[in-house]
Amino acid sequence: MHKQSVKRSSKAGLSPGTIIYTGKHKVDRAIISLLQYDELSLNEQQETSLEDAVAFRDQRVNWINISGLHDVRLIEEIGKAFSLHPLTLEDIASTGQRPKIEYYDNYVFIVLRMLTISTGGSGLQDEQISMVLGKDFLLTFQERPGDVFNPLRERIRLAKGRIRKLGVDYLSYALLDVLVDSYFLVLENYSDEVEQLEEAVFNHPSPEHLARIGKLKRETLFLRRAVWPLRELISALQREESSLISGGVLTFMRDVYDHSVQIIEIVETLREMISGLHDAYLSTLSFRMNEIMKVLTIIATIFIPLSFLVGVYGMNFDVMPELHFRWGYPLLWLFMLSAVMAMLLYFRRKRWL
Amino acid sequence: MHKQSVKRSSKAGLSPGTIIYTGKHKVDRAIISLLQYDELSLNEQQETSLEDAVAFRDQRVNWINISGLHDVRLIEEIGKAFSLHPLTLEDIASTGQRPKIEYYDNYVFIVLRMLTISTGGSGLQDEQISMVLGKDFLLTFQERPGDVFNPLRERIRLAKGRIRKLGVDYLSYALLDVLVDSYFLVLENYSDEVEQLEEAVFNHPSPEHLARIGKLKRETLFLRRAVWPLRELISALQREESSLISGGVLTFMRDVYDHSVQIIEIVETLREMISGLHDAYLSTLSFRMNEIMKVLTIIATIFIPLSFLVGVYGMNFDVMPELHFRWGYPLLWLFMLSAVMAMLLYFRRKRWL
Amino acid sequence: MHKQSVKRSSKAGLSPGTIIYTGKHKVDRAIISLLQYDELSLNEQQETSLEDAVAFRDQRVNWINISGLHDVRLIEEIGKAFSLHPLTLEDIASTGQRPKIEYYDNYVFIVLRMLTISTGGSGLQDEQISMVLGKDFLLTFQERPGDVFNPLRERIRLAKGRIRKLGVDYLSYALLDVLVDSYFLVLENYSDEVEQLEEAVFNHPSPEHLARIGKLKRETLFLRRAVWPLRELISALQREESSLISGGVLTFMRDVYDHSVQIIEIVETLREMISGLHDAYLSTLSFRMNEIMKVLTIIATIFIPLSFLVGVYGMNFDVMPELHFRWGYPLLWLFMLSAVMAMLLYFRRKRWL
Amino acid sequence: MHKQSVKRSSKAGLSPGTIIYTGKHKVDRAIISLLQYDELSLNEQQETSLEDAVAFRDQRVNWINISGLHDVRLIEEIGKAFSLHPLTLEDIASTGQRPKIEYYDNYVFIVLRMLTISTGGSGLQDEQISMVLGKDFLLTFQERPGDVFNPLRERIRLAKGRIRKLGVDYLSYALLDVLVDSYFLVLENYSDEVEQLEEAVFNHPSPEHLARIGKLKRETLFLRRAVWPLRELISALQREESSLISGGVLTFMRDVYDHSVQIIEIVETLREMISGLHDAYLSTLSFRMNEIMKVLTIIATIFIPLSFLVGVYGMNFDVMPELHFRWGYPLLWLFMLSAVMAMLLYFRRKRWL
Amino acid sequence: MHKQSVKRSSKAGLSPGTIIYTGKHKVDRAIISLLQYDELSLNEQQETSLEDAVAFRDQRVNWINISGLHDVRLIEEIGKAFSLHPLTLEDIASTGQRPKIEYYDNYVFIVLRMLTISTGGSGLQDEQISMVLGKDFLLTFQERPGDVFNPLRERIRLAKGRIRKLGVDYLSYALLDVLVDSYFLVLENYSDEVEQLEEAVFNHPSPEHLARIGKLKRETLFLRRAVWPLRELISALQREESSLISGGVLTFMRDVYDHSVQIIEIVETLREMISGLHDAYLSTLSFRMNEIMKVLTIIATIFIPLSFLVGVYGMNFDVMPELHFRWGYPLLWLFMLSAVMAMLLYFRRKRWL
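Residues numbered from 1 in each chain as written. Chains lettered and ligands numbered in written order. Predicted model: local features only at pLDDT ≥ 70, side-chain atom pairs only at ≥ 80, totals over all residues.

K.L.:
Account for the interface of chain A and chain D, with residues named and values stated.
P.N.:
The partner chain D presents 54 residues to the 50 residues of chain A that form the contact. Mapped onto the side of chain A that touches chain D, the elements with two or more residues apiece are helix H1 (2-6), helix H7 (207-239), helix H8 (247-312) and helix H9 (328-349) of chain A. Sorting elements by how many residues they give to the side of chain A that touches chain D places H8(A) first, with 18 residues. Broken down by class, the residue content of the side of chain A that touches chain D amounts to 25 nonpolar, 15 polar and 10 charged. (Contact = placed C-beta atoms within 7 Å. Helix = DSSP H or I, 4+ residues; strand = E, 2+ residues; numbered from the N terminus. Nonpolar A, V, L, I, M, F, W, Y, C, P; charged D, E, K, R; others polar.)

Set out below in structure tokens:
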């Protein structure tokens, strides 16, 4: 994840505007789908060609989604069909972009990151979503099929809520809203993992926990890098006056903005908790060390002096009068037992027991 | 607490403006109460219906309080009766909101968090309080019955202070003031707990303390997230010019603002003290480890060499002249006692005793 | 100290503007003193009544000082006599205020904190000083008799410097100047304590030091909370244009501002040094632990193997030829001494000796 | 690297504008190369003299590159030929500059740092690149031959992309773009090293790792100091209106700006990861210490009491009835084995085994 | 150093504008020197009286330097001769000032700190340099004779560079430039010390290193406090429009500003490195502790069980069949040697050897 954004280096020295897919998701072929609607009618084409999609384009809201970015020629053709700037095309294919918004004369270009937690446990998955918002069309680009927008498509198909009554700018807002909401799911997942790890660390700290803490740190760092520019982006969207986005939609943007701020707060809280985990790990180890050393010290302090004592009476001096006392042996036992008692009392008073 | 704000994910994919109660406080039914007053008259209805509350509404100050947010239909009806924006209604029911203020054409919408320390020791309780301030009405929404506003209600009933002489904007200020003041109680509670914990950690650090430190850290982090936006909110209230809030009330707002700044300072102080607790925990453990190791080292250093010595004279060599000396045994004791003395002096000089 | 500002909670739910003394200094009765002067004449009354003080008020500079804030009625009367806002009166009596400045129509209200180190060793004492600067009068409120302003009073009495030639605004500046200068004394005290503690920690770290470090941390945190708003306050004084403060005095304010910045720097330096103390504590403990463990390891490594060896020749096997060698016993000693030598060399090479 | 920027002290006391090469790369003689082009024609001279380069200068884009800065007279002559300010000449030769941009009447002066990872493993190499952008010429200065601009030269020679169609301002952008892109390579290198070190630290922490962590910290600190001002520089380039840079090129600058922000993020992420490495080092050591102490404690706790016991029956008292029991010896073994078993169970329950 | 700025407290309660020398450098008498020049002529008087210096003053650049600030009367007379504000005179003598710049009607007042490393090893020396820049004169005040400006004086005498051609504002710039450049020397010194200490800490950490780290921390903290306001000061000089400083000199100021930024970066880098030193100290101690404990554990684990075994065959039970076996003794040796082998293998596998 972290490396992906570094891999940009493969483009070093190339001419600006050169389109190269830098992501890791290779799909067989790009899938183009078209969704056209207004309040009354709906036309959906799940797999179509670019030519058809462009030909079908009409006065209604035209949402064209492209899944798969490795086909450079396709992206170039889209660029021609919708008059996109070469740098826009480059950014669409360079999948390590930060979330950002750029205003061009005839369209607004938005780069977003879609985050998902894979069920297989391989952790955080991230994918670049690019949006090109024009006067009557919305292009969305994703690296591979499968996204978080299906509930939205369903709402369009069933004409739920106000989406069918409003334009392409509301559609772009709705996509942003769904995307931001999907972040909460990812964060919940991390929140659960942190809590589990916390309990595990307290009960039985092991280096494996340390590795998991390190992984969580890196992933939340990545989350933060995805989320902060998202907030800036939405904030810029609200401030900037663009004829492409109507005032009514701007009011809705305020809501997405609130959510993005909430997400940032949760990410920062997670990061503080994870950093606390590491402290807890060290402290728990320290406490256990103390416990171990107490056991060792108690055993050693009791038995080492006693061993010395029985050693004394194991010596072979010719003249050792105690050895010939009638009660010598039991008296020694008595003395040793008293000494043990005294030490146990001492340890108890020191709160070691 | 922390999870609550994450649980927003249950709404992912829904149409914006969809009203879903996301809190955890389920009450049987929402209770609507009405308090109408001006300088001369007062009308209070502890439990009434929405229809009655709306019908009774007149030129006086109308304070309608709704306890219980699970009834979606009720919230929708209130929205219709007072022409509230769908997003306002959604925010009222989504109880994981940050404190915020939003200006609409005909009303000001304020989200706040009410914090209480439950006596049962289950720690910090938080609840979302939403306020809708209109020209002649104030709607307050809370998740369940029971709040910190009773002293204020009493002041209204008894016409104490200037509250009955002023309008609905002063009422909203008074609510804010009572709420902010109630934070001081919560903070005092934490302050006491930190001091107790500090003493406990110094006297006898245990992993249980570590868990309590962790809990305090999380809760003060939560407090901070509740308190910082509160200050922004009040600051925004002071700056923004709105016909709904008169200049006289703005002067009072400066006072609430001061209190919110004081609260932030106390929260930050608490956080520094809690972070210091963790350092104290580790340092105390470290010191105790040193003490334990000193005991072990003193005992071992004294008795291990002596044990070796008595071992020597326990050997069975045919030729060991010392064993046959007349004063061998007492001389050995003398030597060993002198060695112990020498070592004790050495340890004393090293300040280990 | 820290608790004092929290104790505000005792006022939760009360009507804004309610005057309650929240400090801890109870004095028998408030002492009112009056100092009137211009370039030529001086009238001083050490203990007077409010009525007299108000009646005496004339065109000269009138400085009325009130020591003792528990008498609510007195404060209310002062409020009436000088037309002060109810919130001003509330703030005068609520002694946990942050330093602040507030502009009212006919006066400027300044809250400050006076810090002193008590000689009895009970540490930092803080007291709230409130100033009300009017056109021809200056009211100062303190919690109990005794302050740092006596050198200033002496300067007025002896007409030293330019104070008698200038107005009430210069008097307020002079008070501020004396107060800020008195902070340096407090900081010097802390600086000395930190240096002493530093030496003590290096020489012989003990938990008592840890407690003192904790106390210093808390107190410098408190200092910082007192000092930062002081700087803001003075900065606000410089910027704000008020007819009550003349341009000439503003030039002097720049000097106080410089001092407040210097104080902040010293406080921050102190805080860094105290935080360094904790690190030094831990590191010194760590180093001592190493030393202790070295002693233990050297002793154990030398004598445990030797003990084993002498144990071997203490066994009672029928057939142990070594026991019957003529030189067996001295040879064993030779061997053991060589082994000790070898180990000592090894430890020396490892730099443990 | 760090020292280089400190070595500026060798210039202390000299007159401002004195040209002294402060770098460490000594080359035999400075190499001057010229690249002239417009859309149709190209003239390249790999090694030429200053006189020729100036004489050849025409209406086309003139890119003059100087490798080697130790020749003070050459720099002075260039200064005269292109009317550069003395401070510009001083900055070109003082190679410890921060990246910066300065606007002069007839040219823009840009200082950049070129970073490379040497293959020999001697780590990060950095070199100062100065650019002087005039109306129809671009001067670039580097400390020694060899740079990252060869792909760009190739693009110019082959007339790839839009570079031959645009002016000298686009050339300066292209140089900046190539330079910034080359940073990604350096960062990838560090990213790999951090990951390797992370694994090594977890598996077998050694002081050598500590030294490598320290080196990484210092180098990323250096990277950060190179990268932050770079972003400011590009941001200033975008904002400042200069007749030397056309609007079209400014649009491209936005792209370089995005890359510089990405680089900053990666550097900060690297720094957080390296700081995490140190924590991991300490924690792993702590865990290992615990493991070591467990082994010691288990062995000592089992055998020290048993040694005492066998010591007892090695004593030579006349009266020790147990010694004469028929089953005394095997019963003792039985007892000792049971004790070992009990202790092993105890350790297992404590999770030490 | 740190204390000096605190010692301001000795002035608490005094009238503002009271001149008291608060520094620690007592000199016998103040030395006044005069340097007058324009492009053509030069007049230098190494030791003169104030009266002469004032009398000689003419249209040329007049640089009057005063070494020694304890003579209050002299400073007052200078104040009168050049019409300086009382607060300026107070600041000149109060030597714990932060670097600052103040604009008065007829002059600019600049306070700077001159830093030097004493060769005797007593560490960082700092001295306050005050500059008063008037229309045709520059006053410089230093605490004692000896400064870093001699190369500049030489340049004036030899008419090197442009200094003799320009006015008093360029002279003030040149002084600033020399002073800032002298900081690089101080920083180089620290840089070297940090590197040496780093190596020492890795090789053999001792409490003496800890003390040196503490000292470095305090001194770089002091450096930072001297350097940050210096940058502000120069930045203020550039922004402020004053008739006393010409536009041409402002261009040169940009160069000094760059240097001050570089110095700040080096100070911050130093501080990060010193903070890293402390981490390295702790980590190295931790690693050494691990090594020590390994030795102890290996020795104890091998010999304690063996000691037990030989203890067994030292017992005096009547019936111990093994004692009478012919090969009992050599077989026991065989068994013990095998056990040692097994344990050594175990330790090797655990990588303890």
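K.L.:
I'd like a description of the sheet that holds strand E1 (residues 31-37) of chain C, backed by residues and values.
P.N.:
All names here are of chain C. Across the sheet, which stays open at both edges, the 7 strands sit in the order E2-E1-E3-E7-E6-E5-E4 with mixed pairing between neighbours. Looking at which strands have only one partner, the edges of the open sheet turn out to be strand E2 (42-48) and strand E4 (100-103). The average undirected angle you get between the axes of adjacent strands in this sheet is 15 degrees. The strands touched by helix H6 (residues 168-203) within the sheet are strand E3 (61-67), strand E5 (108-117), strand E6 (124-133) and strand E7 (137-142), with E5 carrying the most contacts at an inclination of about 30 degrees. Running over the sheet, helix H7 (residues 207-239) touches E4, E5 and E6 and is turned about 30 degrees from E4. (Pairing = 2+ DSSP bridges. Axes fitted to C-alpha atoms, helices over the stretch in contact; angles between N-to-C directions.)

K.L.:
Tell me about the interface of chain E and chain D, and please be specific about residues and values.
P.N.:
At the interface, 54 residues of chain E touch 49 residues of chain D. Elements represented by at least two residues in the side of chain E that touches chain D include exactly helix H5 (150-158), helix H6 (168-203) and helix H8 (247-312) of chain E. Examining the composition of the side of chain E that touches chain D, we find that 31 residues originate from one element, H8(E), more than from any other. By residue class, the composition of the side of chain E that touches chain D is 25 nonpolar, 16 polar and 13 charged.

K.L.:
With reference to specific residues and values, describe the pairing of E3(C).
P.N.:
Residues and elements named next belong to chain C. The buried count for E3 comes to 7 of 7 residues, which makes it a mostly enclosed element. Taking every second residue as pointing to the same face, both faces of E3 are buried, with Val61, Trp63, Asn65 and Ser67 on one and Asn62, Ile64 and Ile66 on the other. Sheet analysis places E1 next to E3, joined by 7 bridges and oriented antiparallel. The residue of E3 that forms the bridge with Tyr37 is Val61. (Buried ≥ 20, exposed ≤ 12 C-beta atoms within 10 Å, placed from the backbone.)

K.L.:
Residues and numbers for the relation of the copies chain E and chain D, please.
P.N.:
Least-squares fitting of chain E to chain D yields an RMSD of 0.1 Å, with the transformation described by 0.1 Å of translation along the axis and a rotation of 72 degrees. Given the turn and translation reported, the copies of this chain are related as if by a five-fold rotation axis. Taking the C-alpha atom as reference, chain E places Gly314(E) closest to the rotation axis, 4.7 Å from it. The two copies present different faces, since only 17% of the interface residues in chain E are matched by interface residues at the equivalent positions in chain D. (Least-squares fit on C-alpha atoms with pLDDT ≥ 70 in both.)

K.L.:
Can you explain helix H5 (residues 150-157) of chain B? Please cite residues and give values.
P.N.:
One full turn of an α-helix is made of 3.6 residues, so residues set three or four places apart face in the same direction. Residues and elements named next belong to chain B. Those residues of H5 not exposed but buried are Leu152, Arg155 and Ile156. Seen along its axis, H5 keeps its buried residues to an arc of 100 degrees; they face one direction. Across from the buried face of H5, at angles greater than 90 degrees, the exposed residues are Asn150 and Glu154. Packing partners of the buried residues in H5 comprise strand E1 (31-37) and helix H6 (168-203). (Arc of directions from axis to C-beta.)

K.L.:
Give a detailed account of the packing of helix H3 (residues 72-81) of chain A against helix H4 (residues 86-93) of chain A, specifying residues and quantitative values.
P.N.:
A pair of packed helices is characterised by two quantities: the angle between their axes and the separation of those axes. Residue and element names in this part refer to chain A. Between H3 and H4, the least distance of the axes is 10 Å, while the angle of their chain directions is 145 degrees. The handedness of the crossing between H3 and H4 comes out as right-handed. Here H3 contributes Ile75, Glu76 and Gly79 to the contact with H4, which in turn contributes Leu89, Ile92 and Ala93. Of the residues in the contact of H3 with H4, the class split is 4 nonpolar, 1 polar and 1 charged. (Left-handed = near helix turned anticlockwise from the far one by under 90°.)

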